[in-house]
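What the coordinates show
Now for the letters of each chain:
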Amino acid sequence: MRFSVLALSIIIAALLVTCIQPRSASPNWQAGQAYYVNHITLALEHLERLKSIGGQHADSRNVFKSLRNEFKKAEPYASYLNPEVGHMANGPALPIFKEDNLRVLFPVGLQKIEEGIYESEYDAERFRYEIEITAGLLNNLKKGIVFRELTAERFFVATHQQLLRIISLSISGFDTPVSGLGIQEAATSLKSLVDVYQLTIRDLMQSKNDSLDEVFRNNVQKAVDFIEASRNFEAFDRYTFISFHMSAITKNWVDIRKSSGLWAGSRDFPFNFDAPTFFERNSFNLAFFTPNVNKNPTETQIALGKKLFFDKRLSDNGKLACASCHVPDKAYADGLIKSKDNEGNPLERNTPTIINAAFQRKFFWDGKADNLLDQISVVFVNRKEFASNAHELSPEILQDTIYQQLLTDAFGQSPRNNLDLIKAISSFVSTLTAFNSKFDRNMRGEEHSFTSQEIQGMNLFMGKALCATCHFIPLTNGTVPPFFNEMETEVIGVPATAENKALDDDLGIYWKYNAEIQKGRFKTPTLRNAELTAPYMHNGVYHT
């Protein structure tokens, strides 16, 4: 049968159009979910192999490396779905004190297994037990991946969390404190990100912004190449890696999420998903860290809080204001070894800065307040500080016509107690954030002004010295990334004097439960603005 020239031309044209049509632009979330299931399954297989050969076999370290690599590929989604179990599986090998039942849980998980393989002390029976418990944790994570389908929101949130894990947990040594495998695992996480991206949304991105797709994949490859060129944990240049590579990748990823049109972001998480890096002025979502009763304060409430912050009439004897101990020129610390009470006598501890205090999960050195509102309330009722009743408004404040107007504007009526005043002060303190330092500008790649000594110092801080395994980048405090729901506390043996001959007798968090494991344990504070906040430690023992 012969076709007419016209009919043949139509067929050829149709075929050409079909050939040049882009592949399906719909996300393939099933493929991404299958990827995570596959790699958590492979991690379990390596765990079983390790169980059979033990921790001192010639092949134990290689099996452990493979196990951790497979886990890192599944970790974004596994730990997103079940943060608590994910943290147990890949958290620090330290005993855990459970406040709900006062029990002390022995450490388990991959980091505990790591100790059995890389350190000299080895107990075969204990090692086998740790593997069995860890297998239970990974199986629990696998169930979550299998039964909870991948969606756009889950994918983008999980990936955002993993990008932060790379810079705050992997390259700092937090994930692998004994083996130092975290540098290599950063490359694994990046390559895995591209793998899942290609399985799920790359076709869509090519149809929407082909150049962005290419730039993103090229930037990831450059970062991987940088890691491959220097795998040594102590020698790895974290400054260059974050400033020149990770910040570029994070910017690309934010652009990809926006360009995809699949998910607009959410204020239910600690991140501002539109911030191009983790070192922007607005990288973190303040509302996430704020108690529900005080979210989204008005400008009037903040202005009221600022005026109250400097007013000594809040204290019963009119001698103390918030600013008495938190002096703006001293980064909102006070420069004293220990703060002064309302009679001019030393208080129990040193005053920490309150800049970025809103991004904490515990307040006071001993963690006695769970949020900023509670912290301010404690100061109000403390007989050595404001000595005021939180439920009785200061007559001097109430009779001040300026305050009468501010209070009415802020809360719709003139309050009859201090609770609204505490909310206002909390709202003001929450504005005291600082994320535009030389450090931030360098980390986001905006400038490259670190001296060679500063680069060396940062690489020590985030590497060999292990500072960043407690003072997590980028906040440099103890709020644990990437979920920011818990606050790290540590027993580091602070001395009574700078001669370092005897421990300080302050027991810290021990007051709450009288548990032996809590003796001498204190909250990990931020190190931002440290040059302005001497003297240091809870007792002000060090002046430099």
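Look up a bit, the structure's there.
Residues numbered from 1 in each chain as written. Predicted model: local features only at pLDDT ≥ 70, side-chain atom pairs only at ≥ 80, totals over all residues. Heavy atoms only, no water.

**A few points about the pattern of salt bridges**
Close approach of charged atoms lets side chains of opposite charge pair. This structure, assessed with the given rule, holds 30 salt bridges. Residue Asp59 is joined to Arg49 by a salt bridge in which the shortest nitrogen-to-oxygen separation is 3.9 Å. In this pair, Asp59 is assigned in the loop between helix H2 (29–53) and helix H3 (60–81) and Arg49 in helix H2, connecting sequence segments 10 residues apart. Overall, Asp59 belongs to the partly exposed group, its relative accessible area being 27%. (Salt bridge = Lys/Arg side-chain N within 4 Å of Asp/Glu carboxyl O. Helix = DSSP H or I, 4+ residues; strand = E, 2+ residues; numbered from the N terminus. Buried < 20%, exposed > 50% of the residue type's maximum accessible area, 1.4 Å probe, protein only.)

**Describing the packing of aromatic side chains**
A full pass over the atoms with the stated rule returns 36 aromatic pairs. Here Phe156 and Trp253 contribute two aromatic rings whose centre-to-centre distance is 5.7 Å and whose plane-to-plane angle is 45 degrees, an arrangement assigned as tilted. With a gap of 97 residues between them, Phe156 in helix H7 (residues 152–170) and Trp253 in helix H10 (residues 238–260) connect regions that are remote in the sequence. Trp253 carries the same exposure label as Phe156, and that label is buried. Chaining the aromatic ring pairs together yields one cluster made of Trp263, Phe269, Phe271, Phe273, Phe278, Phe284, Phe288, Phe289, Phe359, Phe435 and Phe484. A cation over a ring is seen here: Lys368 above Phe364, with NZ or CZ 4.3 Å from the ring centre. Geometry around Tyr510 places Lys519 over its ring, the cationic atom sitting 5.3 Å from the centre. (Phe/Tyr/Trp six-rings, centres within 6.5 Å; stacked < 30°, edge-to-face > 60°. Lys NZ or Arg CZ within 6 Å of the ring centre and 35° of its normal.)

**Some words on the nonpolar core**
Core analysis: the largest hydrophobic core is formed by 90 residues, its most contacted members being Leu50, Leu190, Phe241 and Trp253. Broken down by element, this core gets its largest block of residues, 10 residues, from H2. Ignoring anything within four residues of it in the chain, the contact list for Trp253 reads Phe155, Phe156, Thr159, Leu163, Leu193, Tyr197, Ile201 and Phe216. Judged by nonpolar contacts, the second largest core, of 35 residues, contains Leu314, Leu393, Ile397 and Ile425. (Core = buried A, V, L, I, M, F, W, Y, C linked by side-chain atoms within 4.5 Å. Contact = heavy atoms within 4.5 Å.)

**Focus on unusual backbone geometry**
A cis geometry characterises the amide bond from Ile473 onward to Pro474, with omega recorded as 5 degrees. Structurally, the position occupied by Pro474 is in the loop between helix H19 (452–461) and strand E3 (489–490). The omega torsion of the bond from Pro481 to Pro482 falls at 0 degrees, within 30 degrees of zero and hence cis. Examined against the element boundaries, Pro482 turns out to sit in the loop between H19 and E3. For Ala331, which is not glycine, the phi dihedral falls at a positive 55 degrees. With respect to the helices and strands, the residue Ala331 is situated in the loop between helix H13 (322–325) and helix H14 (372–381). At Asn356, a position not held by glycine, the phi torsion is positive, near 65 degrees.

**Here we look at the environment of Glu490**
Among the structural elements, Glu490 can be located in strand E3. Placed 34 residues apart in sequence, Glu490 and Thr524 show a C-alpha to C-alpha distance of 6.7 Å. Residue contacts for Glu490: discarding those within four places in its chain leaves Cys470, Gly520, Arg521, Phe522 and Thr524.

**Considerations on helix H9 (residues 202–229)**
An ideal rise of 1.5 Å per residue puts 40 Å on 28 residues; H9 reaches only 28 Å between its terminal C-alpha atoms. A bend of about 125 degrees at Asn209 is the largest found in H9. Restricting attention to buried positions, one finds in H9 the residues Arg202, Leu204, Met205, Leu212, Asp213, Phe216, Asn219, Val220, Ala223, Val224 and Ile227. Packing partners of the buried residues in H9 comprise helix H8 (182–200) and H10. (Expected span 1.5 Å × (residues − 1). Bend = angle between axes of the 7 residues up to and from the residue.)

**A closer look at empty space enclosed by the protein**
Space left empty within the atom packing is revealed by a probe, the size of a water molecule, rolled over the atoms. Tallied over the entire structure, the rule returns 3 cavities of 30 Å³ or more. Lining the largest cavity are Tyr36, Lys72, Pro76, Phe155, Thr159, Gln162, Ser189, Ser192, Leu193 and Val196. When contributions to the lining of the largest cavity are tallied by element, the ones reaching two or more residues are H3, H7 and H8. Of the residues forming the lining of the largest cavity, the biggest block, 4 residues, is contributed by H8. (1 Å grid on protein atoms, 1.4 Å probe; cavity = no way out; pocket = protein on both sides within 12 Å on 5 of 7 lines; lining within 4 Å. Points joined across faces, edges and corners; volume = space filled by probe spheres on them.)

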